[in-house]
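# Secondary and tertiary structure notes
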Amino acid sequence: MTTRRLTVAQALVEFLAHQYTERDGRRRRLIAACWGIFGHGNVAGVGQALLESGDAMPYLQGRNEQAMVHAAVGFARHNDRLAAHAVTTSIGPGATNLVTGAALATVNRLPVLLLPGDTFATRPADPVLQQLEHPGAGDVSVNDCLRPVSRYFDRVVRPEALIPAALQAVRVLADPVETGAVTLALPQDVQAEAYDWPEEFFADRTWHVRRPAPDPAELAAAVEAVRAARRPLLIAGGGVHHSEAEDALRALADATGIPVASTQAGKGSLRHDHPADIGGIGHTGTAVADALAGSADLVIGVGTRYSDFTTASATLFAAPDVRFVNLNIAPYDAHKLAGLPLVADARTGLEALTGQLAGHRVPEAYESAYTAGKTQWEAAVDYAYSWRDDGDGRRPTQAQVIGALDAVVGDEDVVINAAGSLPGDLHKLWRARSRRQYHLEYGYSCMGYEIPAAIGVRLAAPDRPVWALVGDGTYLMMPTELVTAVQEGIAIKVILVQNHGYASIGGLSEAVGGERFGTAYRFRAADGTYTGEPLPVDLAANAASLGMSVLRPRTVLELRAALAEARAAEGPTCVYVETETADSVSGAPPAQAWWDVPVAETATRPAAVLAREEYERSAAARRRYLS
């Protein structure tokens, strides 16, 4: 047997450089690059191995470990989960900084390989710097925090253990059912240890990404349910995009007239101007989609996991006779809401449904009704976007900021957001033009995701304009990767919306009797509350200090010009716009469906008492879907 003597870290990097995915005859590299911040837990191991690898494993320098994971996730999502990045860190805080990003990746079923350094396997000195001692378990380290947020976790405590661990890690990364964050914890002494590796370990491996077809019995049951329905509604989730099933979905909608609503992850599955596209569903959905959901007798979920925002906390699907058909590659999701499971790849399953439904179409009256509802909602979007110039220099609403961007972008642009009040406005208002234009991370809704994810998307699609929409609260969480964009010349476009606080949580706080407590960025007033003057922070100056080119429009007309300038810019550019303050409305239509956030059962303040009464009225509509 031919062997090669390498360190564990060198062997791992070499192994990863030879892993590929293949779907529909297209082969691509699975681990395209490795992000890293180095410390004593990885600098002499994985760091040295990356240095030796040269171009075989490209290295990307980050500023924050969590942000590096976000960038990797953005890259993987734009590559339809068929290509990913690795992330290496030192031990201690470097490793624990991965936890939030790992949770985000796993919640969203997106692949990322995490390679945190770990304490010594041989324990020559105990404890080492940054080691957390656990008096009841000597084999526990802070990396164990990554177990519950990883789809696969292993600690490589001997060189030869790398072979099965690495193969299992890649298997999970490439599996559309299992994928998410994968963690290989690497003790720092083991990383540097040499071993004679079989050459077969470094051979090219291609992992076929399957497209399983539906079981005939499940398909027959689903077809029967669709043919029997008078008011069917299809919900497109992120699985439509991951499977590249948009054409198959459009063919089904064209043939049957079934209206299509979308989750945050599924928006853009149909173009906004397709006759069957009725926009977002759930708490942040459109009026037409939520009205149809309330009366639907059959809900066809495609690639969705039915989060509480989608179901309006189990209040949206209100028809007594409502049934569910769930087309999903993951059996876990296909069986939700007591639905008829259709376990299959989204594209394969949709094509099978279309074939079996030949000649079937929804009633003409139903099609006319949702078409009218779509037209009415489009008028509401036009009004929210509209700008009435009274010459008074008023700041734009958040909806008008979105409308100004809508007027500037083309089909190829990508719009990224994750947290705050922007996701709700975007879900209701944005007119998605292409399959990967709308990039909302709303499974974990993580503040700080947008800027690093934009970098990841731009690395995946260097010819597409990529926009990160960021509120001031999110910006203050994680602006660090602007430095990375400047360093690498990655021409992301950042729209920095300044509204002086946590606008989304401020609105929620008011709705649940919290009276916007602790949600505004203001000085303390005499009564001790944060209700004084807005803080005199200059986030535009901050972005400029990190190397960004910064534009400061004041009105919507100036904003449109600034956005056009940013879109044409060859380098990373920030458009800073001050909107209405955090205690003002965004300008978008209000929520069309409920969301369950429990309200204090006992309280002395009138706002909380009234909020509890409203909560109990809304909560009474919750139901269990059991048959």
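Now for a quick tour of the structure. The written sequence of each chain sets the order in which its residues are numbered from 1. Whole-chain, interface and lining totals are the exception, using all residues; otherwise, since this is a predicted model, local features are given only for residues with pLDDT of at least 70 and side-chain atom pairs are given and counted only at 80 or more. Where side-chain values are given, they derive from all heavy atoms of the structure, hydrogens and water being excluded.

## Side note on the overall build of the protein chain
So the rule is basically this: Numbered from the N terminus, helices here are DSSP runs of H or I no shorter than four residues, and strands are runs of E no shorter than two. Each radius of gyration reported is based on C-alpha atoms, and the globular scaling rule is 2.2 Å times the count of residues to the power 0.38. Under the scheme applied here, a residue whose accessible area is under 20% of the maximum for its type counts as buried, over 50% as exposed, and between as partly exposed, the area being computed with a 1.4 Å probe on protein chains only. Contact criterion: two residues are considered in contact whenever any of their non-hydrogen atoms come within 4.5 Å of each other. Under the convention used here, a 1.4 Å probe and the Shrake-Rupley method define accessible areas, while residue burial counts only the protein chains that appear. Counted as positive: Lys and Arg. Counted as negative: Asp and Glu. His and the chain ends are not counted at all. Just so you know, the charge point we use is NZ for Lys, CZ for Arg, CG for Asp and CD for Glu.
Counting its secondary structure elements, the protein chain contains 24 helices and 23 strands. Taken over C-alpha atoms, the radius of gyration comes to 25 Å for the protein chain, in line with the 25 Å a tight globule of 627 residues would show. Summarising its shape, the C-alpha atoms of the protein chain cover approximately 70 × 70 × 55 Å along the three principal directions. Of all 627 residues assigned to the protein chain, the portion counted as buried reaches 58%. Contacts in the protein chain between residues far apart in sequence, at least 24 positions, make up 76% of those at least 6 positions apart. Approximately 24,300 Å² of the protein chain is accessible, and the part contributed by carbon and sulfur atoms is 53%. Measuring between centres, the 56 positive side-chain charges of the protein chain sit 3 Å from its 72 negative side-chain charges.

## Considering helix 16 (residues 398–406)
Of all 9 residues that make up helix 16, 9 are buried, and the element is covered over most of its length. Those residues of helix 16 not exposed but buried are Gln398, Ala399, Gln400, Val401, Ile402, Gly403, Ala404, Leu405 and Asp406.

## Quick notes on the packing of aromatic side chains
This is how the line gets drawn: Stacked, tilted and edge-to-face are the three classes assigned to paired rings of Phe, Tyr and Trp, where Trp is represented by its six-membered ring and a pair needs centres within 6.5 Å; plane angles under 30 degrees give stacked, over 60 edge-to-face, the rest tilted.
Per the stated rule, a full pass over the model turns up 14 aromatic pairs. Relative to Tyr615, the ring of Trp594 has its centre 5.7 Å away and its plane inclined at 50°; by these criteria the two rings are tilted. Of the two residues, Trp594 sits in the loop between strand 23 (573–578) and helix 24 (606–619) while Tyr615 sits in helix 24, which places them 21 residues apart along the sequence. Judged on exposure class, the residue Trp594 and its partner Tyr615 are both buried.

## Re the sheet that holds strand 11 (residues 205–208)
Under the convention used in this document: Between any two strands, at least two bridges found by DSSP are needed for them to pair. Axis lines are fitted through C-alpha atoms, for helices just across the contact stretch, and the angle between N-to-C directions can take any value from 0 to 180 degrees.
What the 3 strands build is an open sheet, ordered 3-2-11; its pairing is mixed. The open sheet has two edge strands with one neighbour each: strand 3 (26–29) and strand 11. Direction aside, the axes of adjacent strands within the sheet are offset by 30° on average. Of the strand pairs in this sheet, strand 2 (residues 19–23) and strand 3 are connected by 4 bridges, and their pairing is antiparallel. Directly across from Tyr20, in strand 3, lies its bridge partner Arg29. Helix-sheet contacts for helix 6 (residues 162–174) involve strand 2 and strand 11, and the interaxial angle to strand 11 is about 40°.

## Brief notes about a nonpolar patch on the surface
How we decide: Like-charged residues are merged into a patch within 9 Å and nonpolar side chains (Val, Leu, Ile, Met, Phe, Trp, Tyr) within 5 Å, provided each residue has over 30% relative accessible area and no salt bridge. Salt bridge, as applied in this entry: a Lys or Arg side-chain nitrogen positioned within 4 Å of an Asp or Glu carboxyl oxygen.
Nonpolar side chains collect at one region of the surface, where Phe38, Val43 and Tyr59 lie side by side and expose about 240 Å² of accessible area between them. As for its position among the elements, Tyr59 is in strand 5 (residues 59–61).

## Side note on the pattern of salt bridges
All told, the structure shown has 37 salt bridges when counted by the stated rule. Here Arg622 makes a salt bridge to Asp596, at a shortest N to O gap of 2.4 Å. Pair noted here: Arg622 is in the segment after helix 24 and Asp596 is in the loop between strand 23 and helix 24, with a separation of 26 residues, a long-range link. Residue classification places Arg622 among the partly exposed residues on the basis of a relative accessible area of 40%. Here the salt bridges do not stand alone but share partners, grouping Asp24, Arg211, Asp345 and Arg347 into one network.

## Brief notes about the nonpolar core
Under the convention used in this document: Take the buried Ala, Val, Leu, Ile, Met, Phe, Trp, Tyr and Cys residues and link them wherever side-chain atoms come within 4.5 Å; each set so joined is a nonpolar core.
In this structure, Leu234, Phe317, Leu405, Trp430, Ile495 and Leu563 are the most contacted members of the largest nonpolar core, which totals 83 residues. Take this core: its biggest share by element is 6 residues, from helix 15 (residues 364–385). When neighbours within four sequence positions are excluded, Leu234 is seen to be in contact with Leu249, Leu252, Ile258, Pro259, Val260, Ala261, Ile300 and Val302. If you look at the next biggest cluster of nonpolar residues, it comprises 48 residues, including Ala71, Ile416, Ala485 and Met548.

## Some points on the packing of helix 1 (residues 8–16) against helix 6
Quick note on the threshold: Note on convention: near helix rotated counterclockwise from far helix by under a right angle means a left-handed crossing. Clockwise means right-handed. Side-chain classes follow a simple rule in which Ala, Val, Leu, Ile, Met, Phe, Trp, Tyr, Cys and Pro form the nonpolar group, Asp, Glu, Lys and Arg form the charged group, and the remainder, Gly included, forms the polar group.
Where helix 1 meets helix 6, the axes come as close as 11 Å, and the angle between the chain directions of the two elements is 35°. Between helix 1 and helix 6 lies a crossing of right-handed hand. Where helix 1 abuts helix 6, its residues Val8, Ala11, Leu12, Phe15 and Leu16 lie against Leu162, Ala166, Leu167 and Val170. Split into classes, the residues belonging to the contact of helix 1 with helix 6 amount to 9 nonpolar, no polar and no charged.

## A closer look at the packing of helix 11 (residues 287–295) against helix 15
For the pair helix 11 and helix 15, interaxial distance at closest approach is 8 Å and the crossing angle is 150°. Touching Ala287, Val288 and Leu292 of helix 11 are Tyr366, Tyr370, Gly373, Lys374 and Trp377, all from helix 15. Of the residues contributing to the contact of helix 11 with helix 15, the split by class is 6 nonpolar, 1 polar and 1 charged.

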